[in-house]
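Secondary and tertiary structure notes
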Amino acid sequence: MSEFPMIERLADNDGIRYRLTPNRSISWPGLVRVWLGLAVVTGCVVIGWTLAGVWLVIPFAGLELTAVGAGLWYTARKCARQEVITFGATEVVLEKGHQRREQQWQWPRTSVTILLDPEPHPWMREQVWLCSRGEEIPLADFLNPRESRELVTVLQSQGLHVTRRAREFVGIWF
């Protein structure tokens, strides 16, 4: 098990497997409770203003709750991403998805390398790429700089060679 919870070593009979996930500081049920709490407070305010004769606040309160709910759902969806890397005896498998595998890459272990793009700005982190046979797949772009360094250490411990791209070729991707 890794020191950082975003990089988790999983039990696997066929090799070594790591699950990479974004920081989820609150669960989906927790987000729903936050939204319900906001709805209760908003409802009390709306009732007060409606009793005072300002009924026009009702549609705006509904729009506010809808926008906040959509934002919470979008954030929860983004935080449900995960990537799983399996290091077998002869191959490396990368799987990406949300609640199920949506993409998968499989390469011979000897052809896989790690490419690091230096951080384009001191506040940003190095971008980690898993490379094989001309293919470059971004890896765990949701990790913070410290977790990203830990990921590189984990990948190096599996025997993968790390190469750094020259700074002049690096752009900022949002």
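First, a word on what this report is: a plain description of the structure on this page.

How each quantity is defined
- The written sequence of each chain sets the order in which its residues are numbered from 1.
- Side-chain atom pairs in this predicted model are given and counted only at pLDDT of 80 or more, local residue features only at pLDDT of at least 70, and totals for whole chains, interfaces and linings cover all residues.
- Water and hydrogen atoms play no part in the side-chain values, which are based on all heavy atoms of the structure.
- Partly exposed describes any residue whose relative accessible area lies between the buried limit of under 20% and the exposed limit of over 50%, with all areas from a 1.4 Å probe on protein chains only and scaled to the type maximum.
- Only DSSP runs of H or I reaching four residues or more are called helices, and only runs of E reaching two or more are called strands; each is numbered from the N terminus.
- For two strands to count as paired, DSSP must find a minimum of two bridges between them.
- Within this scheme, the nonpolar core is defined by two criteria: the residues are buried Ala, Val, Leu, Ile, Met, Phe, Trp, Tyr or Cys, and they are joined through side-chain atoms within 4.5 Å.
- We call two residues in contact whenever any of their non-hydrogen atoms come within 4.5 Å of each other.

1. Looking at the pairing of strand E3 (residues 82-88)
Among the 7 residues that make up E3, 6 are buried, leaving the element largely enclosed by the rest of the structure. In terms of strand pairing, strand E2 (residues 15-20) meets E3 through 6 bridges, oriented antiparallel. Residue pairing for E3: Gly-15 is matched across the bridge by Gly-88. Inspection of the sheet shows E3 paired to strand E4 (residues 91-97) by 6 bridges, in the antiparallel sense. For Ile-85, the partnering residue across the bridge sits in E4 and is Leu-94.

2. Quick look at the nonpolar core
Of all hydrophobic cores here, the largest spans 25 residues; its most connected members are Leu-20, Ile-85, Leu-94, Leu-130, Leu-139, Leu-151 and Leu-155. Within the residue set of this core, elements represented by two or more residues are E2, E3, E4, strand E5 (101-108), strand E6 (113-117), strand E7 (127-132), strand E8 (135-139) and helix H3 (145-157). Per-element accounting of this core gives the leading share, 4 residues, to H3. Sequence-distant contacts of Leu-20, defined by excluding residues within four places in its chain, comprise Met-6, Ile-7, Arg-81, Gln-82, Glu-83, Ile-85, Leu-139, Ala-140, Phe-142 and Leu-151.

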